[in-house]
Amino acid sequence: IKDSMMVVGGRGTEALHHLVSSERKLLKEGVLLKACRAKNKPFMFWLFNNCLLYATPMGTLGGSKYQYQFNRVMMLSDCFVRESRVDPLSFELLSAEKSFALWCDTVGEAKEWASALRDAIQEAREAKGLKPEDVRAAAPLWVQESEATACNVCQEAFGWAIVGGRQKHHCRSC
């Protein structure tokens, strides 16, 4: 774990010091596309047995080591995974804190990531003694501005009269 995390820096990296633990196991790592405001962007993801960390690729550091800027750690006991309804290369990671869609290069890779996340989430929830019905409501899923037609929270349609006073992810009222 330390070797993987040594090249991660940026705001909030103090949270990374708590990642190194004899109980924490690195299960999977790789670059996935994450839905962002203007376009989908590549992020490096590290899946552990109880959390998911992701960071922005920043380039190489000296030799062949890649450098990343820390973005977030998500505790898996608060998450759930949902298959994409529109794209077999994609799946959705949802939590009360943050929700987003992820894209892989192949359908097989998407299924592997979704399965690994589901298994780790189940293990993390069982370790905390949580039941399936203990899942909290998820934050709205990010939708590209070009595809957003209505507020994700209140479902009010965006239109020319509303767009000036509202964001296209959710309205300012919500």
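Everything below is about the structure printed above this text.
The sections below set out a description of the structure shown in this document. (Residues numbered from 1 in each chain as written. Predicted model: local features only at pLDDT ≥ 70, side-chain atom pairs only at ≥ 80, totals over all residues. Heavy atoms only, no water.)

1. Quick notes on the overall build of the protein chain
(1) Moving on: Check the secondary structure of the protein chain and you find three helices and eight strands.
(2) Moving on: Going residue by residue from the N terminus, the α and β elements of the protein chain occur as α-β-β-β-β-β-β-β-β-α-α.
(3) Moving on: Pairs at least 24 residues apart make up 46% of the contacts formed inside the protein chain by residues separated by at least 6 positions.
(4) Moving on: Only carbon and sulfur atoms are counted for the fraction: they give 51% of the accessible area of the protein chain, which is about 10200 Å². (Helix = DSSP H or I, 4+ residues; strand = E, 2+ residues; numbered from the N terminus. Contact = heavy atoms within 4.5 Å. Areas by Shrake-Rupley, 256 points an atom, 1.4 Å probe, with all protein chains shown as cover.)

2. Some remarks on the pattern of salt bridges
(1) Moving on: Scanning the entire structure with this criterion turns up four salt bridges.
(2) Moving on: With a shortest N-O distance of 2.5 Å, Glu97 and Arg72 are connected by a salt bridge. You can see Glu97 sitting in the loop between strand S7 (90–95) and strand S8 (100–103) and its partner Arg72 sitting in strand S5 (residues 65–75), a full 25 residues away along the chain.
(3) Moving on: Residue Arg72 is classed as partly exposed on the basis of its relative accessible area, which comes to 25%. (Salt bridge = Lys/Arg side-chain N within 4 Å of Asp/Glu carboxyl O. Buried < 20%, exposed > 50% of the residue type's maximum accessible area, 1.4 Å probe, protein only.)

3. With respect to the state of the cysteines
(1) Moving on: Scanning the entire structure with this criterion turns up zero disulfides.
(2) Moving on: Counting only cysteine sulfurs, Cys51 is the nearest neighbor of Cys79, a cysteine outside any disulfide, at a range of 9.8 Å. (Disulfide = S-S within 2.5 Å.)

4. A word on the packing of aromatic side chains
(1) Moving on: Evaluation of the coordinates by the stated rule reveals five aromatic pairs.
(2) Moving on: Where Trp46 meets Tyr68, the ring centres are 5.2 Å apart and the plane angle is 85 degrees; that geometry is what we call edge-to-face. Taken together, the residues Trp46 in strand S3 (residues 41–48) and Tyr68 in strand S5 connect sequence positions 22 residues apart. Side by side, Trp46 and Tyr68 carry an identical accessibility label, which is buried.
(3) Moving on: Members of the aromatic cluster, connected to one another through ring pairs, are Phe43, Phe45, Tyr54 and Phe100.
(4) Moving on: One Lys or Arg, Lys34, reaches over the ring of Phe43 and ends 5.3 Å from the middle of that ring.
(5) Moving on: A cation over an aromatic ring shows up here: Lys34 above the ring of Phe100, its NZ or CZ 4.9 Å from the ring centre. (Phe/Tyr/Trp six-rings, centres within 6.5 Å; stacked < 30°, edge-to-face > 60°. Lys NZ or Arg CZ within 6 Å of the ring centre and 35° of its normal.)

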